[in-house]
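Secondary and tertiary structure notes
In case you want the letters, here they are:
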Amino acid sequence: MSISIQEMFTIGIGPSSSHTVGPMRASKQYLEYLQEHSNTAECVRIKIELFGSLAHTGLGHGTDYAILMGLLSLEPGTVVPIQGRQRVDRLINQQTLSLNKDHNIHFDFKRDLLYDLKTLLPGHANGMRFSAYDEGGLCLLSRCYYSVGGGFIHDEDSLDRPAIAE
């Protein structure tokens, strides 16, 4: 696996790229995956579960804000942290997440972003699961991601391949 110098020294929010840059990329990638593989018009809820190290230390490392920035389609290397934080605060206060330009869903920060302190996903200690639900509570699309360090991520299908750094 070859890594360019630009991938090695990625600009991003901190303090820990495995707790911020990776989760931010994962949430943005999940939203794009959802838009490609599901009817987002049916989606009324997105639930995010953090496992392992992300669940235990993510709150102190800003993982929650990083994930929400990714769901707002912000990029780690270009986001102005204060502006990203303001947009996340707006999302939390207004409880509305835009899945695309014409479909907004209710998002309750305390209900929809969960810290599972007991479960470890099999792929890595920094695991996340994103799930979209319809009005009847049926899961439309669920996907696991792993933040493997340095801002690199794996999804559940790429654990045996080099990590993704967009």
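Residues numbered from 1 in each chain as written. Predicted model: local features only at pLDDT ≥ 70, side-chain atom pairs only at ≥ 80, totals over all residues. Heavy atoms only, no water.

**With respect to the overall build of the protein**
Definition in use: Helix and strand definitions follow DSSP, with helices as H or I runs of at least four residues and strands as E runs of at least two, each counted in order from the N terminus. For the exposure calls, accessible area comes from a 1.4 Å probe over protein chains only, and a residue counts as buried if that area is under 20% of its type's maximum, exposed if over 50%, partly exposed in between. Whether two residues are in contact is decided by their heavy atoms, any of which lying within 4.5 Å being enough. The protein chains shown are the only cover counted for residues, whose accessible areas, like all others here, come from Shrake-Rupley with a 1.4 Å probe.
If you tally the helices and strands in the protein, you get six helices and seven strands. Each helix and strand of the protein, ordered N terminal to C terminal, gives the series α-α-β-α-α-α-β-β-α-β-β-β-β. Here the protein, with 166 residues, has 46% of them falling under the buried criterion. In the protein, once contacts between residues fewer than 6 apart in sequence are set aside, the share between residues at least 24 apart is 64%. Carbon together with sulfur atoms contributes 51% to the accessible area of the protein, which is approximately 8,400 Å² in total.

**Looking at the side chain of E49**
Mapped onto the elements, E49 comes out in strand β1 (residues 45-51). Using a relative accessible area of 12% as the deciding quantity, one classes E49 as buried. Setting aside residues up to four positions removed in sequence, E49 forms contacts with L114, G127, M128, R129 and S131.

**Some thoughts on the packing of aromatic side chains**
Put simply, the test is: Note on ring pairs: Phe, Tyr and Trp rings are taken, using the six-membered ring of Trp, and paired if centres are within 6.5 Å. Classes follow the plane angle, with under 30 degrees stacked, over 60 edge-to-face and the rest tilted.
Applying the stated criterion to the full structure yields two aromatic pairs. Ring geometry for Y30 against F130: centres 5.3 Å apart, planes inclined by 20°, an arrangement best described as stacked. Placement of Y30 in helix α2 (residues 21-37) and of F130 in strand β5 (residues 126-133) is noted, with a sequence separation of 100 residues between them. A single burial state applies to Y30 and to F130, both of which are buried. Here F130 and Y145 contribute two aromatic rings whose centre-to-centre distance is 5.7 Å and whose plane-to-plane angle is 75°, an arrangement assigned as edge-to-face. Of this pair, F130 sits in strand β5 while Y145 sits in strand β6 (residues 139-149); the two residues are 15 residues apart in sequence, bridging distant segments of the chain. Of the two residues examined, F130 and Y145, each falls in the buried class.

**Considering the nonpolar core**
Applicable threshold: Within this scheme, the nonpolar core is defined by two criteria: the residues are buried Ala, Val, Leu, Ile, Met, Phe, Trp, Tyr or Cys, and they are joined through side-chain atoms within 4.5 Å.
Residues Y30, I46, I48, L50, L97, M128 and F130 are the most contacted members of the largest nonpolar core, which totals 34 residues. Take this core: its biggest share by element is six residues, from helix α4 (residues 63-71).

**A few points about α4**
Most of α4 sits inside the fold, with nine of its nine residues counted as buried. Those residues of α4 lying buried are T63, D64, Y65, A66, I67, L68, M69, G70 and L71. Positive backbone phi, at 65°, marks S73, one or two positions downstream of α4.

**Comments concerning the confidence of the model for the protein**
Short version of the rule: A residue's pLDDT is the confidence the predictor assigns to it, expressed on a 0 to 100 scale.
For the protein, mean pLDDT is 88; residues scoring 70 or higher make up 87% of the total. This model gives residues 1-9 a pLDDT under 50, and the stretch forms seven contacts once residues within four places in sequence are excluded.

**Some points on the sheet that holds β5**
Note: strands within a sheet are paired through backbone hydrogen bonds, in either parallel or antiparallel orientation. Inclusion rule: For two strands to be treated as a pair, DSSP must find no fewer than two bridges joining them. For helices, the axis comes from a line fit to the C-alpha atoms of the stretch in contact; other axes are also lines fit to C-alpha atoms, and the angle between any two N-to-C directions lies between 0 and 180 degrees.
Pairing within the open sheet is mixed, and its five strands lie in the order β4-β1-β5-β6-β7. Looking at the sheet topology across the chains shown, the edges are occupied by β4 (113-116) and β7 (152-155). Averaged over all pairs of adjacent strands, the angle between strand axes in this sheet comes to 25°, irrespective of strand direction. Packing against the sheet, helix α3 (residues 52-61) makes contact with β1, β4 and β5, and its axis sits at approximately 95° to β1.

**Details of the pairing of β1**
Remember that side chains alternate between the two faces of the sheet whenever the strand is regular. Of all seven residues in β1, seven are buried; the element is thus mostly enclosed. Note that β1 and β5 share seven bridges and pair antiparallel. Looking at the pairing, I48 lines up with F130 of β5.

**Remarks on the side chain of H19**
Mapped onto the elements of the fold, H19 is located in the loop between α1 (5-8) and α2. Given a relative accessible area of 5%, H19 falls into the buried group. Filtering out sequence-adjacent residues up to four positions away, H19 remains in contact with S53, L54, T57, G58, H61, G62, T63, A66 and N126.

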